[in-house]
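Structural overview
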Amino acid sequence: MTERQLQPLLHELVGVVLAPTSALGDATGQIRPTGVQGVFHADARVLSRAELRVDDQELEELTHGEDGPHGVRFVGLARWLGDPTPDPTVRVDRSRRATRNGLTEELRIVSTATVGVRATVSVDLACDLAPIEVVKSGGAAAPLEAKTGQPGVLTWAADGITVTVTAPDADVLATGEWATAPRLTWPIDLPPRGETVLRWQVAITDPHAVVVGPTGEPEWARPAVTADDRRLVRLLNRSLDDLRGLRLAETGAPGDVFLGAGVPWFLTLFGRDSLWAARMMLPLGTDLAAGTLRVLARRQGTRVDPATGEAPGKILHELRRQEFALADSGLRLPPAYYGTVDATMLWVNLLHDAWRWGLPAEQVEPLLPHLEAALRWLGEHADPDGDGLVEYVDTTGHGLSNQGWKDSGDAVRFHDGTLATAPIVLAEVQAYAHEAAVNGAALLDAFGRPGADRWREHAAALARRFRESFWVDGRYGPQPALALDRDKRPVDSLTSNIGHLLGTGLLDADEEAQVARLLATETLAGGFGLRTMATDDDGFSPLSYHCGSIWTHDTAIVLAGLARAGHSEAALGLTEGLLSAAEAFDYRMPELYGGDDRTLLGRPVPYPAACRPQAWAAAGAVLLLQAATGLYPDVPGGTVRLTPLAGPALGALHVDNLRVAGTPVTVTVDRTGNAKVTGLPTPLTPVTLPTQRNPRTPLPR
């Protein structure tokens, strides 16, 4: 029997990140030479081992906790040392902190014993420089030999990367049997009630990396929030710390910052993820959006290339140092890969929304040629069979078979569980395309460029085509299908994708109300958030990547759409699920988690290979805050709409330092739902609208 090569689990690992560097170890603080543990830098594992021992014994774990935005502290005991009493008298605090190009550790050994303590502290290291795709596939790489030179210094070098460990005052063993597993040692001699501090650090030199860590402070404002529901405050604060660690820039353009998708698998530029995250962050300023738009505009497609998925006007999917090939899966992606059906429309929509939030005209205008190119892609390349709908198919046989946000190979399933055959026409992609056409027309009109009427007509035709093709009879009344398959048959499973239709203009008010009812059913909303697939579809599994799990960003997007459309009851149900999950995950939200019913364990089941932190999961906290405040500006139009979700059910809320047109504003919502915004720049006018609206009677079947 052939042994499976499995993707390593990471749900119990403890991570730190300051992109492009991250580290994952176990709950005791050890980084062991197994699975996905290690220190990573820009798609390479630069340390595969960092195991601490005292007198060649491992410490007994006591606890661990966050130590600032990019650090973690582990507390362990050496109970064989010190006084022979029931109380431990020798404690070791291990503080680990990610840096832009490396990692530091501080080992603080504290004795409260009445006798002196003599011991030897050691750290065993290894470096394999394994590519991230090898690690993700469950593979391994042989450890490299370390080189020694100056006292307390170790180096490894291969593939253009140099890794240097520096340990002042440590003895280094790195010859013979220690060459591939070098050891740092410190003899310590503590007086009664004494302590000492030992330090070591790793630095990476990587001139061929495609991404770098930007300098300076984050591009967004940090709001001050007071809320009746303290979970919202804790979630926002932890999420902003995580987002701070995910900031990246492209090598050669350090001024244009975007968010890397997630630790550990996707800490690089991802078109869809970076665009969604920047869009969610707009209430805190437009600088991140502007940087993200410019980075992706520079790599916008210019030619038709089936090998990479490139097409004129198309926006990139992901950027890597080298080919990304997963063992035994057949997946081989080129370093710059364009296999995404939705990033181009999301780019247009981010540009539009940033403009509405106050992105200055002098930053919008240089991007207008890229807008026009993206719209041309929508009109000339996104619909190869000419049926008026946007579709995708991987023609290479080794790219992504599914190219929407649910991009696993089994993500598009009929109600009976059978897989749909490509080309695939996804429901939410039609919504993004409709929104992009309308938003693109608005930008063209505003900046005096031709073609707006064509795109409004395109949007209207797309809405008609969608209405004719996608609505099916479901278990709970009419529902939009997940997709159409190769034969244009509706893929009739009930999924979270339909929530992305809200607010895009693709649906009329009655259709949106029906979608809101569907999203509130127990089959979709009965977990800690929104399930990706309903429990009564045959393809459902609570730990399926895209067919039953719950994704943080997906839930946030849909609850925000429900709130904005006035379907507050359904939005509040998803909000409670998300906040309860946040509490269970110590407010560092994972990429996704299990779709089990809330009553099963009383807490969400982790998805064992989820990225954490992850950009659009963390940014979902900001989108939730926006939904709670109900702040929707139209700076070019001179108005700011205020329709808060906060109020009787969610409680009172006060937020300082949101940003509209670069100006700090304050939003206050009392317990009755009365809202007020202050600090708006002239001549913006606030418009307060009623917020409470529940789904109407069902549509006729």
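The coordinates are above.
Let me sum up the structure you'll find in this document. (Residues numbered from 1 in each chain as written. Predicted model: local features only at pLDDT ≥ 70, side-chain atom pairs only at ≥ 80, totals over all residues. Heavy atoms only, no water.)

1. A few points about the overall build of the chain
Looking only at helices and strands, the chain features 15 helices and 37 strands. Its C-alpha atoms give the chain principal-axis dimensions of roughly 80 × 55 × 55 Å. Counting across all 701 residues of the chain, residues that qualify as buried make up 61%. Counting only contacts in the chain whose residues sit at least 6 apart along the sequence, the fraction spanning at least 24 positions is 65%. Distance between charge centres in the chain, computed from 64 positive and 86 negative side chains, equals 3 Å. (Helix = DSSP H or I, 4+ residues; strand = E, 2+ residues; numbered from the N terminus. Buried < 20%, exposed > 50% of the residue type's maximum accessible area, 1.4 Å probe, protein only. Contact = heavy atoms within 4.5 Å. Lys, Arg positive; Asp, Glu negative; His and termini not counted. Charge placed at Lys NZ, Arg CZ, Asp CG, Glu CD.)

2. As for the pattern of salt bridges
Tallying each qualifying case throughout the model produces 58 salt bridges. The shortest N-O distance in the salt bridge between Asp43 and Arg320 comes to 2.9 Å. One end of the pair, Asp43, is in the loop between strand 3 (38-41) and strand 4 (44-47); the other, Arg320, is in the loop between strand 21 (318-319) and strand 22 (324-325), and 277 residues separate them in sequence. Classification of Asp43 as buried rests on a relative accessible area of 14%. For Arg449, the salt bridge goes to Glu372, with nearest N and O atoms at 2.9 Å. (Salt bridge = Lys/Arg side-chain N within 4 Å of Asp/Glu carboxyl O.)

3. Some words on helix 10 (residues 509-519)
In terms of burial, helix 10 is a largely internal element, 9 of the 11 residues being buried. Restricting attention to buried positions, one finds in helix 10 the residues Glu511, Glu512, Ala513, Gln514, Val515, Ala516, Arg517, Leu518 and Leu519. Along its buried surface, helix 10 packs onto helix 9 (452-469), strand 26 (471-474), strand 27 (477-480), helix 11 (522-525), helix 12 (552-564) and helix 13 (568-584). Its side-chain oxygen placed 3.1 Å from the backbone nitrogen of Asp510, Asp508 serves as the N-cap of helix 10. (Polar contact = N/O pair within 3.5 Å; in protein donor to acceptor, adjacent residues only side chain to side chain.)

4. Focus: the environment of Thr85
Turning to its location among the elements, Thr85 is positioned in the loop between strand 7 (71-77) and strand 8 (90-99). Exposure remark for Thr85: the relative accessible area of 43% places this residue in the partly exposed category. Residues Thr85 and Ala113, spaced 28 residues apart in sequence, show a C-alpha to C-alpha distance of 9.5 Å. Here Asp87 takes part through its backbone oxygen, which lies 3.0 Å from a polar atom of the side chain of Thr85.

5. A closer look at the nonpolar core
Judged by nonpolar contacts, the single largest core of 168 residues is most densely connected at Trp347, Val412 and Leu631. Ranked by residue count, the leading element in this core is helix 15 (residues 615-629), at 12 residues. Among residues more than four places away in sequence, those in contact with Leu631 are Trp357, Gln626, Val640, Arg641, Leu642, Leu658, Val660, Val665, Val667 and Val677. Of all hydrophobic cores here, the second largest spans 47 residues; its members include Phe74, Ala119, Val123 and Trp200. (Core = buried A, V, L, I, M, F, W, Y, C linked by side-chain atoms within 4.5 Å.)

6. Considerations on the sheet that holds strand 7
Taking strand neighbours across the sheet as the criterion, the 8 strands line up as 6-7-8-9-16-13-12-11 in an open arrangement whose pairing is antiparallel. Across the chains shown, the open sheet's two edge strands, defined by having one partner strand only, are strand 6 (60-66) and strand 11 (147-148). Taken together, the 7 bridges between strand 7 and strand 8 define a ladder with antiparallel strand orientation. Counted as the bridge partner of Val72 is Arg96 from strand 8. (Pairing = 2+ DSSP bridges.)

7. Overview of the sheet that holds strand 3
The strand order across the open sheet built from 4 strands is 1-2-3-4, with neighbouring strands paired in antiparallel fashion. Every other strand in the sheet has two partners, leaving strand 1 (14-18) and strand 4 as the edge strands with one partner each. Pairwise comparison of adjacent strand axes, ignoring direction, gives a mean angle of 25° for this sheet. Sheet analysis places strand 2 (residues 21-25) next to strand 3, joined by 4 bridges and oriented antiparallel. (Axes fitted to C-alpha atoms, helices over the stretch in contact; angles between N-to-C directions.)

8. What about the side chain of His434?
Take His434: it is sitting in helix 8 (residues 427-446). Judged by its relative accessible area of 7%, His434 falls in the buried class. A polar atom in the side chain of His434 sits 3.0 Å from the backbone oxygen of Thr504. Other than its neighbours up to four places away in sequence, His434 contacts Ala459, Leu462, Ala463, Thr504, Gly505 and Leu506.

9. Brief notes about the packing of aromatic side chains
For any pair of aromatic rings, geometry is given as the distance between the ring centres together with the angle between the planes. Within this structure, the stated rule accounts for 9 aromatic pairs. Pairing Trp405 with Trp551 gives two aromatic rings, centres 5.1 Å apart and planes at 70°, and the pair type is edge-to-face. Of the two residues, Trp405 is situated in the loop between helix 7 (368-380) and strand 25 (425-426) and Trp551 in strand 30 (residues 550-551); the sequence distance between them amounts to 146 residues. Each member of the pair, Trp405 together with Trp551, is buried. Ring centres of Tyr545 and Tyr607 lie 5.6 Å apart, and the angle between their planes is 45°; this geometry places the pair in the tilted category. With Tyr545 in the loop between helix 11 and strand 30 and Tyr607 in the loop between helix 14 (598-601) and helix 15, this residue pair connects regions lying 62 residues apart in the sequence. (Phe/Tyr/Trp six-rings, centres within 6.5 Å; stacked < 30°, edge-to-face > 60°.)

10. What to know about unusual backbone geometry
A cis amide bond, omega 5°, links Val263 with the succeeding residue Pro264. The topology assignment puts Pro264 in the loop between strand 20 (253-259) and helix 3 (271-280). Residue Pro683 is bonded to the preceding Thr682 through a cis peptide linkage, with omega at 5°. Tracing the backbone through its elements, the reader meets Pro683 in the loop between strand 36 (675-678) and strand 37 (685-688). One non-glycine residue, Asp43, lies in positive phi territory at about 75°.

11. Regarding the environment of Leu47
Considering the arrangement of structural elements, one finds Leu47 in strand 4. By relative accessible area, Leu47 is classed as buried at 0%. Remark: the alpha-carbon pair of Leu47 and Pro131, spanning 84 residues in sequence, is separated by 12 Å. Ignoring any residue separated from it by four or fewer positions in sequence, one finds Leu47 in contact with Gly38, Val39, Leu125, Ala126, Cys127, Trp156, Trp200 and Val202.

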